[in-house]
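Structural features, examined
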Amino acid sequence: MRRVATCHSCGKSMEYAPCFERRALPEDARCNVLSGWLTVSQWKGIGYIDQYDFCSIDCLLTWVKAQLPQIPETFLDAFRDGPTQKETTGE
Ligand SMILES: [Zn+2]
């Protein structure tokens, strides 16, 4: 009975054996197979937690950036079209 952990960003997947209490840890236990992976828990209410696995910091960052609201281009334009610096002349 094996399970698969999948990177939520790039789709890379790893098979692991689930761990059970009062038994020796299998060689391919989740904690061993997913060494170096990152898991984010999102609390969504009573008894409801979403978990996302990521194979690397890069994949985690890619996912985090995708969660951020997009900054409207018009907002950025306000900075680009700001007043230009005037050259100062010697006194
Ligand atoms: Zn990944």
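Rules behind the numbers
Sequence positions are assigned chain by chain, starting from 1 and proceeding in written order. It should be noted that, the model being predicted, local features are given only for residues of pLDDT at least 70 and side-chain atom pairs only at 80 or more, the latter also being counted only at that level, while totals for whole chains, interfaces and linings use all residues. Each helix is a run of H or I in the DSSP string that is no shorter than four residues. Each strand is a run of E no shorter than two, and both are numbered from the N terminus. For the exposure call, what matters is how many other C-beta atoms sit within 10 Å of a residue's own: 20 or more marks it buried, 12 or fewer exposed, and in between partly exposed, using C-beta atoms placed from the backbone. We call two residues in contact whenever the C-beta atoms placed from their backbones are within 7 Å. By this definition, two strands are paired if DSSP reports at least two bridges between them.

Some words on the overall build of the chain
For the chain, the count of helices and strands is three helices and four strands. Burial statistics for the chain: of 91 residues in total, 9% are counted as buried. The long-range fraction of contacts in the chain, counting pairs at least 24 apart against all pairs at least 6 apart in sequence, stands at 29%.

Points about the environment of Val 4
Summarising the element assignment, Val 4 is placed in strand S1 (residues 3-6). Residues Val 4 and Arg 30, spaced 26 residues apart in sequence, show a C-alpha to C-alpha distance of 9.2 Å. Look past the residues within four positions of Val 4 in its chain and what remains in contact with it is Ser 13, Met 14 and Glu 15.

Observations concerning the pairing of strand S2 (residues 13-16)
Strand direction decides the pairing type here: S1 and S2, joined by four bridges, are antiparallel. Along S2, the bridge assignment pairs Ala 5 with Met 14.

Details of the environment of Thr 6
Summarising the element assignment, Thr 6 is placed in strand S1. Sequence separation between Thr 6 and Tyr 52 is 46 residues, and the spatial gap between their C-alpha atoms is 8.5 Å. In contact with Thr 6, other than residues within four places in its own chain, are Gly 11, Ser 13 and Asp 53.

As for the pairing of strand S4 (residues 49-54)
Looking at chain direction, strand S3 (residues 38-43) and S4 are connected through six bridges and run antiparallel. Bridge assignment links Leu 38 to a residue of S4, and that residue is Phe 54. Between S3 and S4, which follow one another and run antiparallel, lie five residues, and Gly 45 among them has a positive phi close to 135°.

Some details on the environment of Pro 18
With respect to the secondary-structure elements, Pro 18 resides in the loop between S2 and helix H1 (30-33). Residue class for Pro 18 comes out exposed when judged on the 10 C-beta atoms lying within 10 Å of it. Along the backbone, Pro 18 and Met 1 are 17 residues apart, and their C-alpha atoms lie at a distance of 7.7 Å. The residues contacting Pro 18, other than those within four sequence positions of it, are Met 1, Arg 3 and Arg 30.

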